[in-house]
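Examination of the molecular architecture
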Amino acid sequence: MLAFAFRKVLTLVGTMIGIAALTFVITNVAPGDPARLVAGPNATEDMVTTIRTEYGLDKSLPEQFVVYMGDLMTGDLGQSIVTTRPVLEEVLRYAPATLELVFVAMAIGIIVGVPLGMLSAVYKDGPIDHITRIFSISGVALPAFWFGIILQLTFAVDLGWLPVSGRLPLVTRPPETVTGLLLVDSLLAGRLDTFWTALRHIILPAIVLSFPCLASILRVNRAEMIEVLQSDYIVAARAHGIASFRIVAIYALKNALLPTLAMIGLRFGWMLGSTVLVETVFDWPGIGLYAVSSALSSDFKPVIGVTLVIGFFFIVANTLVDLAYAWIDPRLRSA
Amino acid sequence: MFGKILKNVAVAGLLASSILAAPADAFERTDKGNVIVFGGRQAIPVLDPHIRYDWSTRMIQQSVYDALVKYEGNPAEIKPWLAEKWETSADGKSWTFHLAKNAKFHNGDPVTAEAVRYSFERGLKLNKGVAWMLKDFLAPENIVAVDANTVRFDLRAPYAPFLSFLPWWFVVNPAEVKAHEVDGDYGQKWLTDHAAGSGPFKLGRWEPNVLYEIEANAGYWKGWPQGEKNRPAGVIYKIIREPAAQKAALQRGEADIVEGLTPDDYIQIKRVPGVVIQDHKGMTTFGIKFNTQKGPTADINLRKAIAYALDYDALIQIYNGAASLETSPLPDAMKGHVAVPGMPRKDLAKAKEYLAKSAYPNGGITLPYVHVAGLEEARRIGLVLLDNLKELGITVEVKPEQWPNMVAAGSKVETSPAMTSVFTTPVSTDPDAVAYQYHKASWGQYYAMMFYDNPKVSEMIDQARAATNWDDRAKLYADIQKQIVADQPEVFGMLQNRRWAHRDYLQGFKFSPVRFTGEVDLYPMWVKAE
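Residues numbered from 1 in each chain as written. Chains lettered and ligands numbered in written order. Predicted model: local features only at pLDDT ≥ 70, side-chain atom pairs only at ≥ 80, totals over all residues. Heavy atoms only, no water.

As a further point, take the confidence of the model for chain A. Per-residue confidence for chain A averages 86 on the pLDDT scale, and 96% of its residues sit at or above 70. The least confident element of chain A is helix α1 (residues 2–29) of chain A, whose mean pLDDT is 80; the most confident is helix α8 (residues 182–188) of chain A, at 93. (pLDDT = per-residue confidence, 0-100. Helix = DSSP H or I, 4+ residues; strand = E, 2+ residues; numbered from the N terminus.)

All names here are of chain B. Of all six residues that make up strand β20 (residues 498–503), six are buried, and the element is covered over most of its length. Every second residue of β20 is oriented toward a common face, with R498, W500 and H502 on one face and R499, A501 and R503 on the other, all of them buried. By the bridge criterion, three bridges tie strand β12 (residues 257–259) to β20 in an arrangement that is antiparallel. Following the sheet pairing, I257 is matched in β20 by H502. (Buried < 20%, exposed > 50% of the residue type's maximum accessible area, 1.4 Å probe, protein only. Pairing = 2+ DSSP bridges.)

Residues and elements named next belong to chain B. Considering the arrangement of structural elements, one finds R503 in strand β20. We note that R503 is buried and unpaired, the nearest opposite charge coming from D504 at a distance of 5.5 Å. At 2.6 Å, the side chain of R503 and the backbone oxygen of L250 are in polar contact. Only 3.3 Å separates the side chain of R503 from the backbone oxygen of Q251, close enough to count as a polar contact. Not counting chain neighbours up to four residues away, the residues in contact with R503 comprise L250, Q251, G253, A255, D256, P273, G274 and V275. (Lys, Arg positive; Asp, Glu negative; His and termini not counted. Salt bridge = Lys/Arg side-chain N within 4 Å of Asp/Glu carboxyl O. Polar contact = N/O pair within 3.5 Å; in protein donor to acceptor, adjacent residues only side chain to side chain. Contact = heavy atoms within 4.5 Å.)

For the rest of this paragraph, the subject is a nonpolar patch on the surface. All names here are of chain A. Together, V9, V13, I17 and M73 line one region of the surface with nonpolar side chains, adding up to about 360 Å² of accessible area. With three residues, α1 is the single largest residue contributor to the nonpolar patch. Its place among the elements puts I17 in helix α1. (Patch = residues over 30% accessible without salt bridge, like charges linked within 9 Å, V, L, I, M, F, W, Y side chains within 5 Å. Areas by Shrake-Rupley, 256 points an atom, 1.4 Å probe, with all protein chains shown as cover.)

Time to look at the packing of aromatic side chains. Residues and elements named next belong to chain B. Evaluated as defined, the whole model comprises 40 aromatic pairs over all chains. With a centroid separation of 5.6 Å and 75° between ring planes, the pair formed by W132 and F165 is classed as edge-to-face. Of this pair, W132 sits in the loop between α3 (113–126) and β7 (143–147) while F165 sits in helix α4 (residues 162–165), and the two are 33 residues apart along the sequence. Take W132 and F165: they sit in the same class, and that class is buried. Taken together, the ring pairs connect W86, W95, F97, F120, F153, F162 and W169 into an aromatic cluster. Looking at K70, its charged tip hangs above the ring of W81, at a distance of 4.5 Å from the centre. (Phe/Tyr/Trp six-rings, centres within 6.5 Å; stacked < 30°, edge-to-face > 60°. Lys NZ or Arg CZ within 6 Å of the ring centre and 35° of its normal.)

Structure, rendered in structure tokens:
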């Protein structure tokens, strides 16, 4: 088990170095002059040079790469040329908002997707099955950007049920930061009203983010359930007169969940990467938004930093899924 | 069994929806008073007044800092602010400013001549942001604090636009800045998200990428134009990036004023009860810049042919009428503007005449038209051009490009596209702010990506900026405008109106064309509460 863990850590470090190198090259070969952009539209050449020198952009690309990788080894992700702040500090500031959004979206995906997949399988080829299949296809097909705006217009503007954007109302002071997750921190601070407000703010973006994930979970779970429900042991259980709910929800579901779990792991990483659009529409101050605004300003260090963070969480999520696999299916533990 | 579960889920959903329903908010009320919420698309990464000055940054800078003078009104005029009065020497090289004696920084320190001297020295030595405005004419050692309330600037040479830049040189409190210096950085790190000013507002919450709050400075030395009773408790600048979300926030009352809606959005939101549209003629010019040094557009006859082939009315239609055609390279609101006779308008016969005189009498060429990716109006103008130039046998390739890449390509003759759409907002009302874009010394800047070179024009621009007599300058600028139009380095398009949408309870909006795109003066604004 220790050897397994060691191998995983080595893979993690190697992958991170690979991601850093690749992103550094891609961002730096892209056209654009960040120093000129930051210097402003009227800046003279010597003003641009001042900024270029300050941020080490006057060095050759290989030199910049060596310096960057050296800094990276000490945990320094560099400095943003646009905000002038350390990238690590900014990533740590924005990451909790993204993680909170992804956690809630994932919870929605699982809580809604798994039962719907189960229902769809039980009532295969019936009206419920058709409806859920249309629902799942829509989930994959709908562009998040469009879907987000439609939800805003419907639930925030027309019905007035939920806020348009942001994490909290403007005049609400956030609770003291412990985890950075507003829902958790407000509970820890005993501020139930803030918890409720934060929940109202996260619902729409979380639904938009969860929709494709929910659809995938639903489809995979449906397919697995259909297969499992035709198994001999299920037929035997029915013959013994066990209640149909118990058969489906307990005996069949547990076996059908394995591939769903793999899907959840994959989708977690995917969600982290795709928060960009949702965060833009809902002005959710997470790392996706940070990455986009940095990329649009040719501010490369934050782009590399965010890529590394997303890569890190992606690998960690997949490792956890590997472990969960072994936990659910004892046959895999010896493999 | 499952049917029962479904029914329970539906009932739970309905219950949840009724609980979630909450009335729409109005302006924010706090125990200190009403807070105005401004919904803007652009973040404020660095507040330091000598480092950055885009529109959102400058709007907050102007609120927390004061300058010697301030732009106000339409047309924009320079009004005394920290400086009560000033005089110029006969040779136009020496400027002396007399400061208001009651001006105080937020911490109570008086605003002295030394603070002004330090602020200008800081701006010049850092060599960032606003430095370009004065660095060629003013050396840090030539700023003299004559006494506690008098400061003198000795310029290297007469520079007529000097005063027109001063509203953007904000004064910082040297004591506070020096106290936060790290490794001789002039307090740059600290001033990124702190302020050391004397303005009508103090800095409140600063949540990067989310919101920036400023709180009213109750004892502001210049008082409040709306009266102490009506002044707001503060302003929250909230970042709302998408126009659709901005519109929704305004409708819901989550924002009191928004900028940057699409032309169609303005028409729709105008019908919403309680919403007011501010629609004013701006100074932002739209031009299609030709590369005048390389490729087919180096041919003046081809440039003229394109200028006469464009359907100018379509430009106005794209903005649903909220724009006006340029009558000169200088915007109408700018001092010294003259309507140049013979400004090209659509005339196909004339276009074909010029084409026949060019090196491409039958067309048969493909020209790129580059615009900023995501800027819908610029893309639609490209489509108009594409359609219009078909009649000359010229194919237009409409190419969206990210702004940084566009600027990079436009900084060199070799890489600058044949046609690039560029919006330009001058930083001052002095004609030099636009005229100098056509000086050869501006090559490499985004607004000079036409690489225009007419030595006679450059010479006249140099003469005009050094002249101390306005009549002499006005004559020179009239000639400059006519010559630039004759050389056609770009298609002179239109002046897009500046627009904001706000709730009707928001009072005190005062437009001034010299402000940048979404920028407003927050100082006189207030909420008329029932």
